[in-house]
Amino acid sequence: MAQVYRGGRTYPAGYAARLTPYEVRTREFAAHRRGVDPVEVREFQARVADELGMLNETVRLLSRENDRLGRALRDWQTMHAQECRPPHEQHPNSGHW
């Protein structure tokens, strides 16, 4: 598979390379005759970079929580499987009804 490079790191094809807050803050734009106010651009870049940083942290925390819940579910399934009696040990009339 092709690799996409960003910031010295590679990402597998099919996954968008993550834009880092640093890249947003330090992005330079070419000057044009009737360009935009550079102060406004820098303020906007700072806001976007801050929000991007918060979103990346949220994704990291949710990923950790997802891993923790997956481990807890596997542990519960293992415990439940060990406590259940095998079907051959159950009496045919031992159901709820």
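Cut-offs and rules
Residues numbered from 1 in each chain as written. Predicted model: local features only at pLDDT ≥ 70, side-chain atom pairs only at ≥ 80, totals over all residues. Heavy atoms only, no water. Patch = residues over 30% accessible without salt bridge, like charges linked within 9 Å, V, L, I, M, F, W, Y side chains within 5 Å. Areas by Shrake-Rupley, 256 points an atom, 1.4 Å probe, with all protein chains shown as cover. Salt bridge = Lys/Arg side-chain N within 4 Å of Asp/Glu carboxyl O. Helix = DSSP H or I, 4+ residues; strand = E, 2+ residues; numbered from the N terminus. Buried < 20%, exposed > 50% of the residue type's maximum accessible area, 1.4 Å probe, protein only. 1 Å grid on protein atoms, 1.4 Å probe; cavity = no way out; pocket = protein on both sides within 12 Å on 5 of 7 lines; lining within 4 Å. Points joined across faces, edges and corners; volume = space filled by probe spheres on them. Nonpolar A, V, L, I, M, F, W, Y, C, P; charged D, E, K, R; others polar. Expected span 1.5 Å × (residues − 1). Contact = heavy atoms within 4.5 Å. Phe/Tyr/Trp six-rings, centres within 6.5 Å; stacked < 30°, edge-to-face > 60°. Lys NZ or Arg CZ within 6 Å of the ring centre and 35° of its normal.

(A) Examining a nonpolar patch on the surface more closely. Judged by side-chain polarity, Leu 73, Trp 76 and Met 79 come together as a nonpolar surface patch covering roughly 320 Å² of accessible area. As for its position among the elements, Met 79 is in helix H2 (residues 38–83). By relative accessible area, which is 39% here, Met 79 ends up partly exposed.

(B) Structural context of the layout of surface pockets. Roughly 240 Å³ of internal volume is contained in the largest pocket. The wall of the largest pocket is formed by Glu 28, Phe 29, Ala 30, Ala 31, His 32, Gly 35, Val 36, Pro 38, Val 41 and Arg 42. Partitioning the lining of the largest pocket into residue classes produces six nonpolar, two polar and two charged.

(C) Region of the structure containing the pattern of salt bridges. Applying the stated criterion across every chain, the model contains four salt bridges. Between Glu 65 and Arg 68 there is a salt bridge whose closest N-O contact spans 2.8 Å. Within this pair, Glu 65 and its partner Arg 68 are both found in helix H2, separated by three residues, close to a single helical turn. Assessed through its relative accessible area of 34%, Glu 65 is described here as partly exposed.

(D) Examining H2 more closely. In a regular helix each residue adds 1.5 Å, so 46 residues correspond to 68 Å; H2 covers 67 Å between its end C-alpha atoms and thus fits that length. Listed as buried for H2 are Gln 45, Ala 49 and Leu 52. Tucked into the core, H2 has its buried residues touching helix H1 (21–26).

(E) Fine view of the packing of aromatic side chains. Applying the stated criterion across every chain, the model contains zero aromatic pairs. Of note, Arg 27 hangs over the ring of Phe 29, and the distance from its end group to the ring centre comes to 4.8 Å.

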